[in-house]
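Given next are the chains, with one letter for each unit.
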Amino acid sequence: MLQVDPVFIWVASAAAGVIFFSSSLMKLRDLDIFRNAVANYRLIPEWAEVPFSRTIPVAEGAAALGMFFGLTRFWAAVALLALLCMFTLAILINILRGR
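Residues numbered from 1 in each chain as written. Predicted model: local features only at pLDDT ≥ 70, side-chain atom pairs only at ≥ 80, totals over all residues. Heavy atoms only, no water.

Here's the deal with the environment of tryptophan 75
When you line up the elements, tryptophan 75 lands in helix H4 (residues 73-96). Considered as a pair, tryptophan 75 and alanine 63 are twelve residues apart in the sequence and their alpha carbons are 8.0 Å apart. (Helix = DSSP H or I, 4+ residues; strand = E, 2+ residues; numbered from the N terminus.)

Have a look at this one:
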């Protein structure tokens, strides 16, 4: 079986953590801009825009912090992958809509 150097795992995890944490901070700095971006995708009901736009940056930041700890790294990576899939699907739907 192929062994991956633990240093590589830690560096890659830390890099992902820094990238996603900075992304969550950008969203949290101006929640109205993020809410407007969510609204412009027209994928969720209007009543859900505010709770969704408040929850996503917090979940992203929490998962990003989880990337720095061995005990939480796996589930943090799963959460971040789920967020990436959700963001990608939202973009794909809007491309297919011609937007």
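Remarks on the packing of helix H2 (residues 31-41) against helix H3 (residues 49-66)
Orientation of H2 relative to H3, taken along the N-to-C sense of each, is 115°, at an axis distance of 9 Å. Where H2 crosses over H3, the handedness of that crossing is right-handed. From H2, Leu31, Asp32, Phe34, Arg35, Val38 and Ala39 reach across to H3, where they touch Glu49, Val50, Phe52, Ser53, Arg54, Ile56 and Pro57. The residue makeup of the contact of H2 with H3, split by class, is eight nonpolar, one polar and four charged. (Axes fitted to C-alpha atoms, helices over the stretch in contact; angles between N-to-C directions. Left-handed = near helix turned anticlockwise from the far one by under 90°. Contact = heavy atoms within 4.5 Å. Nonpolar A, V, L, I, M, F, W, Y, C, P; charged D, E, K, R; others polar.)

Concerning the packing of aromatic side chains
Inspection of every chain in the model, using the stated rule, returns one aromatic pair. Relative to tryptophan 75, the ring of phenylalanine 74 has its centre 4.9 Å away and its plane inclined at 80°; by these criteria the two rings are edge-to-face. Exposure class is identical for phenylalanine 74 and tryptophan 75. Each is exposed. (Phe/Tyr/Trp six-rings, centres within 6.5 Å; stacked < 30°, edge-to-face > 60°. Buried < 20%, exposed > 50% of the residue type's maximum accessible area, 1.4 Å probe, protein only.)

Notes on the packing of helix H1 (residues 6-29) against H3
Contact geometry of H1 with H3 gives a least axis separation of 8 Å together with a crossing angle of 155°. The orientation of H1 relative to H3 falls into the category roughly antiparallel. As for the relative orientation of H1 and H3, their crossing is left-handed in sense. Contacts between H1 and H3 involve Gly17, Phe20, Phe21, Ser23, Ser24, Lys27 and Leu28 on the former and, on the latter, Pro57, Val58, Glu60, Gly61, Ala64 and Leu65. (Parallel < 35°, antiparallel > 145°, perpendicular 65-115°, else oblique.)

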